[in-house]
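# Report on the structure
Read off the chains here:
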Amino acid sequence: PVLRKTGTTTTTSSPPTQIGYNKQTAAFDVTLGAPSCTTIGTTCDTGALLDGRGRTGSNGREPNFPNTLDGCKDGSRGKYHKHGSIDRIVVKSENGSGFAVGDQITIEATVFTRKRDSYYADFYYSPDITAANWIFIGEVYASGSNGAKVLSMNSNLFLPGQLQ
């Protein structure tokens, strides 16, 4: 997902998910430069790997910054949990049998927003993150109050691919 203020184009790349049958917690993949679930599972969860804001602040430094697949980095301005951020992403198979073409998935993004700004989370998908071709899935309104919130988007896996 991408978290952006209304009228802006700030972007953050989504972590990949892998085809599979069990709940998995992502690990940082040095080759990809982002969190990845490389074992078979029905859920891929970034856990705390995205929690932070770039290289800013001693309490809010993002582990393995920039955690991006396409070179589009988070900005280094702003303060952790004072300005908007994406803290966690979970991708779940809704049928419980793994990720396959046509399956319904739920993407959950835990985001931090400020009440005075209007934020939207934009969700994207790519059939192959090694040659990312981002396809817009949809967006969810993220504002209304200060603090963390979980935004969800349902989608179908509509293109084949092993590393998505």
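As shown above, the structure is provided for reference.
Worth saying up front: this structure is predicted, and the values here are computed from it rather than measured.

## A few points about the pairing of strand 6 (residues 85-93)
With seven of nine residues buried, strand 6 lies mostly within the body of the structure. Two strands pair when backbone bridges link them, and strand 5 (residues 43-45) and strand 6 are joined in this way by three bridges, in the antiparallel orientation. Note that in strand 6 the partner of Asp-45 across the bridge is Val-90.

## Quick notes on the nonpolar core
Grouped burial of nonpolar side chains is what soluble globular proteins tend to show. With 18 residues, the main nonpolar core has Ile-89, Val-91, Ile-105, Ile-107, Val-111, Phe-123 and Leu-151 as its most contacted residues. Broken down by secondary-structure element, the contributors of at least two residues to this core are strand 6, strand 7 (104-113), strand 8 (119-125) and strand 10 (147-156).

## As for unusual backbone geometry
For the bond from Phe-65 to Pro-66, the omega torsion is 20°, close enough to zero to count as cis. Mapped onto the secondary structure, Pro-66 falls in the loop between strand 5 and strand 6. For Asn-64, which is not a glycine, the phi torsion comes out positive at approximately 60°. Its place among the elements puts Asn-64 in the loop between strand 5 and strand 6. Judged by its relative accessible area of 35%, Asn-64 is partly exposed. Even without glycine at this site, His-81 takes up a positive phi of about 55°.

## Some points on the state of the cysteines
For the coordinates displayed, the defined rule picks out one disulfide. Residue pairing for Cys-37: its cysteine sulfur links by disulfide to Cys-44, the two sulfurs lying 2.2 Å apart. Taking the sign of the S-S torsion, 95° for the link of Cys-37 and Cys-44, the bridge is right-handed. Each member of the pair, Cys-37 as well as Cys-44, carries the same accessibility label: buried.

## With respect to the sheet that holds strand 5
In sheet architecture, strand pairing relies on hydrogen bonds along the backbone and comes in two forms, parallel and antiparallel. As summarised here, the arrangement of the five strands in space is 2-5-6-7-10, forming an open sheet in which the pairing is mixed. In this open sheet, the two edge strands, each paired with only one partner strand, are strand 2 (23-25) and strand 10. Put simply, the sheet's adjacent strands are angled 15° from each other on average, direction ignored. In this sheet, strand 5 lies alongside strand 2 in parallel orientation, the contact comprising three bridges. Bridging from a neighbouring strand, Lys-23 pairs with Thr-43 of strand 5.

## Some points on the environment of Ala-27
Relative to the elements of secondary structure, Ala-27 occurs in strand 3 (residues 27-29). With 11 residues separating them along the chain, Ala-27 and Thr-38 place their C-alpha atoms 8.3 Å apart.

## Here we look at the packing of aromatic side chains
A complete count under the given rule lists two aromatic pairs for this structure. Between Tyr-124 and Phe-136 the ring centres are 5.5 Å apart and the planes differ by 65°, which places this aromatic pair in the edge-to-face class. Taken together, the positions of Tyr-124 in strand 8 and Phe-136 in strand 9 (residues 135-141) put the pair 12 residues apart, joining distant regions of the chain. The exposure class assigned to Phe-136 is partly exposed, which follows from its relative accessible area of 46%.

So, how was this worked out
Residues numbered from 1 in each chain as written. Predicted model: local features only at pLDDT ≥ 70, side-chain atom pairs only at ≥ 80, totals over all residues. Heavy atoms only, no water. Buried < 20%, exposed > 50% of the residue type's maximum accessible area, 1.4 Å probe, protein only. Helix = DSSP H or I, 4+ residues; strand = E, 2+ residues; numbered from the N terminus. Pairing = 2+ DSSP bridges. Core = buried A, V, L, I, M, F, W, Y, C linked by side-chain atoms within 4.5 Å. Disulfide = S-S within 2.5 Å. Axes fitted to C-alpha atoms, helices over the stretch in contact; angles between N-to-C directions. Phe/Tyr/Trp six-rings, centres within 6.5 Å; stacked < 30°, edge-to-face > 60°.

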